[in-house]
Amino acid sequence: MKTVPRLTTPRLVLRAPGERDIPAWFARASDVESAFLAGDPVADDLSAGARWLALAPQRLVDGRAIKWSIDQAGVSDAIGTITLSFGANEAKTAALGFVLGRTHWGQGLGSEAAREVVRYAFEALALDQVTAEAAVRNVASLRILAKLGFTHVESFIDGSDGERCGRFVLDADAGSLACPVTSA
């Protein structure tokens, strides 16, 4: 059985999600602005957390995604999640997605977690490319992608909610990961 690799940075530990993460997930998922910026539906019931958690192990076993909970030293609950999703047609490519709880915005933690997952994607998984999508009005996510060296390749309208979005790519040979982690 596949396991989620534990990744660490100076301020964070990225680990497999577990039942203890459901309340923190629900707090993020029921925050209207946070859910809207992430392009997710607003959770209206804590039981949605059990459904959210149940998806992660099966997607890992199927080779479709690796999801991490993000822990910060001194904080009792996970502060967010970050995911690499693998498409069936693109064996050497993964899509990056991340969500942080509102109280952790603007501290450079999203950049730190994303940098570590992208490093893992290129070094440990030997991927050729990492992609990402973000709503145009999600300035913080756009800033994180820019810091990591992602390049805008396409604008589009999300068919599910009419949101203006951008699609971004980072190639393994871009060399941007040599940059030190900085605060957002």
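Residues numbered from 1 in each chain as written. Predicted model: local features only at pLDDT ≥ 70, side-chain atom pairs only at ≥ 80, totals over all residues. Heavy atoms only, no water.

Focus on the overall build of the chain
- Within the chain, the regular secondary structure consists of five helices and eight strands.
- For the chain, the α and β elements follow one another from N to C terminus as β-β-α-α-α-β-β-β-α-β-α-β-β.
- Computed over its C-alpha atoms, the radius of gyration of the chain comes to 15 Å, within 12% of the 16 Å expected for a compact globule of 184 residues.
- Overall size of the chain, expressed as C-alpha extent along the three principal axes, is 40 × 40 × 35 Å. (Helix = DSSP H or I, 4+ residues; strand = E, 2+ residues; numbered from the N terminus. Rg over C-alpha atoms; globule rule 2.2 N^0.38 Å.)

Considerations on unusual backbone geometry
- The phi dihedral of A126 falls on the positive side, at around 55 degrees, and the residue is not glycine.
- By the secondary structure assignment, A126 is in the loop between α4 (109-123) and β6 (129-135).
- Residue classification places A126 among the partly exposed positions, given a relative accessible area of 38%. (Buried < 20%, exposed > 50% of the residue type's maximum accessible area, 1.4 Å probe, protein only.)

Observations concerning the packing of aromatic side chains
- As enumerated under the stated definition, the model contains two aromatic pairs in all.
- When the ring of W25 is compared with that of W52, the centres are 5.4 Å apart and the planes differ by 20 degrees; the resulting orientation is stacked. Here W25, found in helix α1 (residues 22-29), pairs with W52, found in helix α3 (residues 47-61); they are 27 residues apart in sequence, far enough to count as distant. Note on accessibility: W25 and W52 belong to one class, buried.
- A centroid spacing of 5.9 Å and a plane angle of 85 degrees characterise the contact between W68 and Y120, whose relative ring orientation is edge-to-face. Residue W68 is found in strand β3 (residues 65-72), and its partner Y120 is found in helix α4; the two are separated by 52 residues along the sequence. Like Y120, W68 is buried.
- The ring centre of F156 lies 4.2 Å from the NZ or CZ of R167, which sits over that ring. (Phe/Tyr/Trp six-rings, centres within 6.5 Å; stacked < 30°, edge-to-face > 60°. Lys NZ or Arg CZ within 6 Å of the ring centre and 35° of its normal.)

Here we look at the pattern of salt bridges
- Across all of its chains, the model carries twelve salt bridges by this definition.
- A salt bridge links R64 to D62, with the shortest nitrogen-to-oxygen separation between them at 3.2 Å.
- Where R119 meets E123, a salt bridge forms, and the shortest distance between an N and an O atom there is 2.9 Å. Of this pair, R119 and E123 are both found in helix α4, four residues apart, which corresponds to roughly one turn of the helix.
- By relative accessible area, which is 58% here, E123 ends up exposed.
- Through salt bridges with shared partners, a single network forms among R15, R20, D21 and D71. (Salt bridge = Lys/Arg side-chain N within 4 Å of Asp/Glu carboxyl O.)

These figures capture arrangement, not role.
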